[in-house]
Amino acid sequence: ERGNWATLSSLNLTCDCGSSPPVAGTCETAFAYYSSADQNVDSCFLDIDEDNDSVGDFNRWGWTVGPLDENTNTTHDVYAGAGKCDTGKGTLVGTLHVDYTNGVAIVEFTNNAPYTLDETHVYVGNEILPRDVNGNYTVAPGQYGSVHDGSDLAENATGDVHVVTGLSGAVYVVAHSVTCGIE
């Protein structure tokens, strides 16, 4: 007369114990770090002032690497979670190797164990940063020109390579990754 007031459900869970365990920790944004005494621009996004109004143009941390002359072979640290470009607050997760020869830049991420790559984004060009569809400088990783996401990377990948062709003169590199396994 009063209708149903309770429901009984059943749920069975199974474990596929043959697969690899998930990587502990969380995923963080990471950027290749550039430090050079002879550089003529500040490489932290927060300090880039392209419109010369004495105020940084971006509110996101990260670095641009460069300028790099042609026939350059360099290696840079990659830091995750280094808010405000403070490497002391971040985690050194790997390196970025850049080989720029004969108009071709080979940009290679190599993560230290136990860190893995979920996505990588690379910009290589003659300007300090890439430009968005409206022609404005951008620090948004999805607009860097060379993007490898989860479908391009093997599960638990610790390395990735981007090849950018058609270059000339000095170039800048912005290398971003989503790195997992951060405690």
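Structure: above.
Note that the structure is predicted; figures quoted are calculated from it, not measured.

Undergrad: When you look at a nonpolar patch on the surface in this model, what are you seeing that I'm missing?
TA: Taken together, Ile106, Val161 and Val163 make up a surface patch of nonpolar side chains, about 230 Å² in accessible area. For valine 163, the position within the fold is in strand β8 (residues 159-164). What makes valine 163 exposed here is its relative accessible area of 51%.

Undergrad: Teacher, can you tell me more about the packing of aromatic side chains here?
TA: Centre-to-centre distance and the angle between the planes together describe a pair of aromatic rings. This model, assessed by the stated rule, comprises 6 aromatic pairs. A network of ring pairs unites the aromatic residues Phe31, Tyr33, Phe45, Trp61, Trp63 and Tyr79 as a single cluster. Directly above the ring of tyrosine 137 sits arginine 131, whose terminal nitrogen or CZ lies 4.1 Å from the centroid.

Undergrad: Which parts of the structure should I look at to understand the pattern of salt bridges?
TA: If the charged atoms of two oppositely charged side chains come close together, the side chains can form a pair. Evaluation of the coordinates by the stated rule reveals 1 salt bridge. In this structure, the salt-bridge partner of glutamate 127 is arginine 131, at a minimum N-O distance of 2.7 Å. Residue glutamate 127 is classed as partly exposed on the basis of its relative accessible area of 30%. The class for arginine 131 is partly exposed, based on a relative accessible area of 37%.

Undergrad: Just checking my understanding: could you explain the pairing of strand β3 (residues 72-80) for this structure?
TA: In summary, the side chains of a regular strand alternate between the two faces of the sheet. Pairing geometry for strand β1 (residues 26-32) and β3, over 3 bridges, is antiparallel. Bridging from a neighbouring strand, phenylalanine 31 pairs with tyrosine 79 of β3. Of the strand pairs in this sheet, β3 and strand β4 (residues 91-101) are connected by 9 bridges, and their pairing is antiparallel. Note on β4: the bridge partner recorded for histidine 76 is leucine 96.

Undergrad: Any chance you could explain the side chain of asparagine 111 here in plain terms?
TA: Looking at where asparagine 111 falls in the secondary structure, it is placed in strand β5 (residues 104-111). When its relative accessible area of 7% is taken as the criterion, asparagine 111 is described as buried. Leaving out residues up to four positions away in the same chain, asparagine 111 has contacts with Val93, Gly94, Thr116, Leu117, Thr158 and Thr179.

Undergrad: What am I meant to see in the state of the cysteines here?
TA: In a disulfide, the sulfur atoms of two cysteines are held together by a covalent bond. Per the counting criterion, the structure on display carries 2 disulfides. Residue pairing for cysteine 27: its cysteine sulfur links by disulfide to cysteine 180, the two sulfurs lying 1.9 Å apart. In this structure the cystine formed by cysteine 27 and cysteine 180 twists about its S-S bond by roughly 100°; its chirality is therefore right-handed. Here the residue cysteine 27 occupies a position in strand β1, and cysteine 180 occupies one in strand β9 (residues 171-182), the gap between them amounting to 153 residues.

Undergrad: What should I look at first to understand the environment of threonine 138 in this one?
TA: By the element assignment, threonine 138 lies in the loop between β6 (116-125) and β7 (146-148). According to the relative accessible area criterion, threonine 138 is buried, its value standing at 8%. Separated by 93 residues in sequence, threonine 138 and phenylalanine 45 have C-alpha atoms that sit 9.7 Å apart. Excluding anything up to four places from it in sequence, threonine 138 contacts Phe58, Leu129, Pro130, Arg131, Asp132 and Gln143. A distance of 3.0 Å separates a polar atom in the side chain of threonine 138 from the backbone nitrogen of alanine 140.

Undergrad: Before we go on, may I ask you to explain the nonpolar core in this structure?
TA: The nonpolar side chains of a soluble globular protein tend to be buried with one another. Ranked by size, the top nonpolar core spans 26 residues in total, and within it Leu68, Val93, Leu96, Val124, Leu167, Val173 and Ala175 carry the most contacts. Of all the secondary structure elements, the ones that give two or more residues to this core are β1, β2 (65-68), β3, β4, β5, β6 and β9. Core analysis: the next-biggest nonpolar cluster, separate from the first, contains 17 residues, Phe45, Trp63, Ala82 and Leu129 among them.

What counts and what doesn't
Residues numbered from 1 in each chain as written. Predicted model: local features only at pLDDT ≥ 70, side-chain atom pairs only at ≥ 80, totals over all residues. Heavy atoms only, no water. Patch = residues over 30% accessible without salt bridge, like charges linked within 9 Å, V, L, I, M, F, W, Y side chains within 5 Å. Areas by Shrake-Rupley, 256 points an atom, 1.4 Å probe, with all protein chains shown as cover. Salt bridge = Lys/Arg side-chain N within 4 Å of Asp/Glu carboxyl O. Helix = DSSP H or I, 4+ residues; strand = E, 2+ residues; numbered from the N terminus. Buried < 20%, exposed > 50% of the residue type's maximum accessible area, 1.4 Å probe, protein only. Phe/Tyr/Trp six-rings, centres within 6.5 Å; stacked < 30°, edge-to-face > 60°. Lys NZ or Arg CZ within 6 Å of the ring centre and 35° of its normal. Pairing = 2+ DSSP bridges. Contact = heavy atoms within 4.5 Å. Disulfide = S-S within 2.5 Å. Polar contact = N/O pair within 3.5 Å; in protein donor to acceptor, adjacent residues only side chain to side chain. Core = buried A, V, L, I, M, F, W, Y, C linked by side-chain atoms within 4.5 Å.

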